[in-house]
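What follows is the residue order along each chain.
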Amino acid sequence: NERNQNHGQVSVPKPKRCTENKEFEIRPSSGIERAPPQRRASPNQISDNMASKAKKAKKSNATKSNNDRNNAQSSSAWYYFLAFLPLPLLFLGSQILRVTISSPSADHGTGSMFDLIATRYDFINRALALNLDMSWRHRLVKEVVGAEGEIFTNNAKNGETVTILDLATGTADVAILLGKAADKYTKSSSSTTLSSSSTVLGLDPSQNMLNVGIDKVEQANLSNIVSLKLGDARKLDSLDDNTINAATMSFGIRNVPEKEMALCEIHRVLKKNDDATTTIGSSKLAIMEFSEPGPDSGLLGSIARLFIRHVVPAMGAMLSGHPKEYMHLQKSIKEFPSPSEFVALMEGLKCPVKSADGVELEIDTFGSFRVKEVVNLNFGSVQIYVATPILKKYVTE
């Protein structure tokens, strides 16, 4: 009715004004407390807090790094311990071998000796040389062939063939590397016929070693370049004078009792200049051989010397089952001349020289070698002797 009377307007009652003073007690809700308002930190406080946190993080990282380093050092110590653990046993084994096995003769390292160990020769070589021997052989080939295959490319320009002789070729590791170099550089040469006329001849007195080598040559598809035959470095009757461009011999000369005879035979077959005063255009000889490091070779040289004397014969005997053969290996290394002595032997040769008719000997001329370089490898336990054949005149008063 009131709505109708006010023409549709709704009247809202006004709130009554409180005239009494009453106190109200504000109680917080049960179990809930309001945190006091936080004051905003000053810039200095913020900087100090960040520095403190960074310092703690750095200290934590340093502690973690030290722990990791200590763990790594502990692991390395165990690795070294396990690696050197067999050495005392090998040292003891070498002493037992010396007592129980008679010392091999100087000429024990013939073809018959290597016939016994031929099938396991490569594996034992890798083990005893700690898999470094192939890198030494690569270096030997580089010394002969040249960094860019100059022995092939230079002769190709003159239209000449290249013949390389690898003595004591064994299982043909060096002969195969030489064959690969010949195949590589002659194919890249402008000559199309040179690749078929570049040959590598490997000679060895052990037929069983050659049998292994022949299989390896066939697997490398080098049978058209590399050929292997029975032969002795002291008697190269199948080769004519002045026909070989380069000769190599790796770990074989110490097994030859008559070293001078073998070196003079190599000198005979190598190409030489008629001019005795120069080696330009002459052929090349590279011999790689072991020797015991001398007392001035430092700590690593001393370790290498102990390795050759004690680890090599014991490990070789264990892996091959032929202890006497590896006793000979250690003995032959020990008795081989020092680098300076072997250089003096090569340069002091007086090899007989045939006259132009190939029959009579020159009376006033003899052959020798000029050692151009001695490359030391493996802390002084391996040397490569690089030499050229020369002719000398006897000095007469």
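Residues numbered from 1 in each chain as written. Predicted model: local features only at pLDDT ≥ 70, side-chain atom pairs only at ≥ 80, totals over all residues. Heavy atoms only, no water.

## Observations regarding the sheet that holds strand E1 (residues 163-167)
- In spatial order, the strands read E3-E2-E1-E4-E5-E8-E7-E6; together these eight strands make up an open sheet with mixed pairing. Two strands close off the open sheet at either side, each with one partner strand: strand E3 (226-230) and strand E6 (351-354). Each neighbouring strand pair of the sheet contributes to a mean axis angle of 25°, computed without reference to strand direction.
- Here six bridges tie strand E5 (residues 284-290) to strand E8 (residues 382-393), and the two strands are oriented antiparallel to one another. Among the inter-strand pairings, Ala286 is bridged to a residue of E8, identified as Val386.
- Helix-sheet contacts for helix H10 (residues 207-219) involve strand E2 (199-204) and E3, and the interaxial angle to E3 is about 170°.
- In this fold helix H11 (residues 259-269) packs onto E1, strand E4 (246-250), E5, E6, strand E7 (361-377) and E8, with an angle of close to 105° to the strand it touches most, E7. (Pairing = 2+ DSSP bridges. Helix = DSSP H or I, 4+ residues; strand = E, 2+ residues; numbered from the N terminus. Axes fitted to C-alpha atoms, helices over the stretch in contact; angles between N-to-C directions. Contact = heavy atoms within 4.5 Å.)

## So, the pattern of salt bridges
- Scanning the model with the defined rule gives 13 salt bridges in all.
- The partner of Asp133 in a salt bridge is Arg126, with the nearest N and O atoms 2.5 Å apart.
- Among the residues examined, Asp133 registers a relative accessible area of 3% and is labelled buried.
- A salt bridge links Lys393 to Asp364, with the nearest nitrogen and oxygen atoms 3.7 Å apart. In this pair, Lys393 sits in strand E8 while Asp364 sits in strand E7, placing the two residues 29 residues apart along the sequence.
- Classification of Asp364 by relative accessible area gives partly exposed; the value is 37%. (Salt bridge = Lys/Arg side-chain N within 4 Å of Asp/Glu carboxyl O. Buried < 20%, exposed > 50% of the residue type's maximum accessible area, 1.4 Å probe, protein only.)

## Quick word on the confidence of the model for the protein
- With 66% of its residues at a pLDDT of 70 or more, the protein shows a mean pLDDT of 80.
- Of all helices and strands in the protein, the one with the weakest mean pLDDT is helix H1 (residues 2-5) (49), whereas E4 scores best (98).
- Within the model, the stretch residues 191-196 combines pLDDT values under 50 with eight contacts to residues more than four positions away or in other chains. (pLDDT = per-residue confidence, 0-100.)

## Quick look at the packing of aromatic side chains
- If you walk through the whole model with that rule in mind, you get seven aromatic pairs.
- Ring geometry for Phe251 against Phe290: centres 4.4 Å apart, planes inclined by 20°, an arrangement best described as stacked. One end of the pair, Phe251, is in the loop between E4 and H11; the other, Phe290, is in strand E5, and 39 residues separate them in sequence.
- Note on Phe336 and Phe342: the rings are 5.1 Å apart at their centroids and 45° apart in plane angle, and the pair reads as tilted.
- Among the residues examined, Phe336 registers a relative accessible area of 7% and is labelled buried.
- By relative accessible area, Phe342 is classed as buried at 0%.
- Of the aromatic side chains, those joined through ring pairs into one cluster are Trp136, Phe251 and Phe290.
- A cation sits over an aromatic face here: Lys350 above Phe366, 6.0 Å from the ring centre. (Phe/Tyr/Trp six-rings, centres within 6.5 Å; stacked < 30°, edge-to-face > 60°. Lys NZ or Arg CZ within 6 Å of the ring centre and 35° of its normal.)

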